[in-house]
Amino acid sequence: MFSALKKYLLIPRLIRLSSAAPKDPLTAWDRYWGNVRSTGATGDVLWDSGSANELTGYLPRLKQLDPTLPIVDVGCGNGSFTRLLAQHFPHALGLDYSANAVDRARQEAAGITTASFAVCDMTAPDAARTVATALEAAGWTGNANVFIRGVLHVLDRSGQAALAANLVPVVGSRGGVFLAETNFPGTPVDYVSHLGATRKSIPAPLEGAIRGLPMPGRFGAVQRARAFPTADWNLVEEGSTSIETRPLSNPSSPDLIPGYYALLRTRQS
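Residues numbered from 1 in each chain as written. Predicted model: local features only at pLDDT ≥ 70, side-chain atom pairs only at ≥ 80, totals over all residues. Heavy atoms only, no water.

### Points about the pattern of salt bridges
One pass over the structure, following the stated rule, counts 9 salt bridges. The partner of Arg149 in a salt bridge is Glu54, with the nearest N and O atoms 2.7 Å apart. Linking Arg149 in strand 4 (residues 145-149) with Glu54 in helix 4 (residues 53-62), this pair joins segments that are 95 residues apart in sequence. In this structure, Arg149 and Glu54 share a single accessibility class: buried. The salt bridge partner of Arg104 is Glu108, with a shortest N-O separation of 3.3 Å. Taken together, the residues span about one helical turn, with Arg104 and Glu108 both in helix 6 (residues 99-108) at a distance of 4 residues. With a relative accessible area of 17%, Arg104 lands in the buried category. A residue is classified by how much of its surface remains accessible, and Glu108, at 24% relative accessible area, is partly exposed. (Salt bridge = Lys/Arg side-chain N within 4 Å of Asp/Glu carboxyl O. Helix = DSSP H or I, 4+ residues; strand = E, 2+ residues; numbered from the N terminus. Buried < 20%, exposed > 50% of the residue type's maximum accessible area, 1.4 Å probe, protein only.)

### Focus: the nonpolar core
Counting residues in each nonpolar core, the largest one holds 47 residues, and the members touching the most others are Tyr58, Leu62 and Phe147. In terms of residues, this core owes the most to one element, helix 4, which gives 4 residues. Discounting residues that sit within four places of it in the chain, Phe147 has contacts with Leu55, Tyr58, Leu62, Ile71, Val72, Asp73, Val74, Phe81, Leu85 and Phe178. Ranked by size, the runner-up nonpolar core spans 31 residues in total, among them Ala127, Ala134, Ile148 and Leu167. (Core = buried A, V, L, I, M, F, W, Y, C linked by side-chain atoms within 4.5 Å. Contact = heavy atoms within 4.5 Å.)

### Considerations on the packing of helix 7 (residues 127-137) against helix 8 (residues 157-171)
Close contact between helix 7 and helix 8 brings their axes to 8 Å; oriented N to C, the two are set at 35°. Between helix 7 and helix 8 lies a crossing whose hand is right-handed. In contact with Ala127, Ala128 and Val131 of helix 7, helix 8 contributes Asn166, Pro169 and Val170. (Axes fitted to C-alpha atoms, helices over the stretch in contact; angles between N-to-C directions. Left-handed = near helix turned anticlockwise from the far one by under 90°.)

### Comments concerning the packing of aromatic side chains
The full count for this structure, using the stated rule, is 12 aromatic pairs. For the pair Phe228 and Trp233, a centre-to-centre distance of 5.2 Å together with 70° between the ring planes defines the contact as edge-to-face. The pair Phe228 / Trp233 is uniform in exposure class, with both members buried. The structure contains a cluster of three or more aromatic residues connected by ring pairs, namely Tyr58, Phe81, Phe147, Phe178 and Tyr261. (Phe/Tyr/Trp six-rings, centres within 6.5 Å; stacked < 30°, edge-to-face > 60°.)

### Details of helix 7
For helix 7, every residue scored as buried is listed here: Ala127, Val131, Ala134 and Leu135. The arc enclosing the buried residues of helix 7, seen along the axis, measures out at 100°, which places them on a common side. Against the buried residues of helix 7 lie strand 1 (71-74), strand 2 (92-96), strand 3 (115-119) and helix 8. After helix 7 finishes, the residue Gly139 shows a positive phi value of roughly 95°. (Arc of directions from axis to C-beta.)

### Let's talk about the UniProt feature "domain: Methyltransferase" (unreviewed entry) in the chain
Under the present numbering, the feature "domain: Methyltransferase" (unreviewed entry) in UniProt falls on residues 71-129. The span residues 71-129 shows a helical share of 32% and a strand share of 24%, and its end C-alpha atoms are spaced 16 Å apart. (UniProt positions renumbered as here; feature names shortened; annotations may be inferred.)

Shown next as structure tokens:
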């Protein structure tokens, strides 16, 4: 009981830190990425482990997607997964809400001819057209596969539903969607405590996310069923996974957050 009480003594500090985050999500994300000095295992970005290990765990599911189609990485950030996906698909297109994120992704992917990037709000009404235009610029037309990692859990219900609806024309009859999301079962205080936050200290990448970004939620089977209705989508597979952060508690290995994955196809398939 005493340890639980100590954990909740974090609340005033978390409120103080999170109150500094911009209220407008686009401003928050663009400012966050503009302030990132380095990425990877020793960098500023909480969810960039600097390792291919997490994607390697997803490969058996990703191999169920059509390997002849390009893949769209929604919410690519600095493009760490986009670059890895480009090794397994003929082309990987990374999309992000933040222009600063896309600029960094392009820099980090310099010389990789099978990866490209574009600014896109996947919840916007014109998102599917933006994706098609970006794919055409890279030499691709028609359907595409989609990869989503750690995006839906930071959107509200309407944003989740809008994103899923916008993926239908992107995926079409041949593509598929693979998603992996944080699905932590506890409270926000439990979540940050799990990642090493105490009343006296918070790991710098975690503090940066708390200070600068909207508070995340969780995304599991219940949220997926709501966002990807059976009228539009067929669920192929779902289950538990682990989302890796950059090393926090142990410099030699990533920290792990309980997560959820799903593989889906449209009813057009």
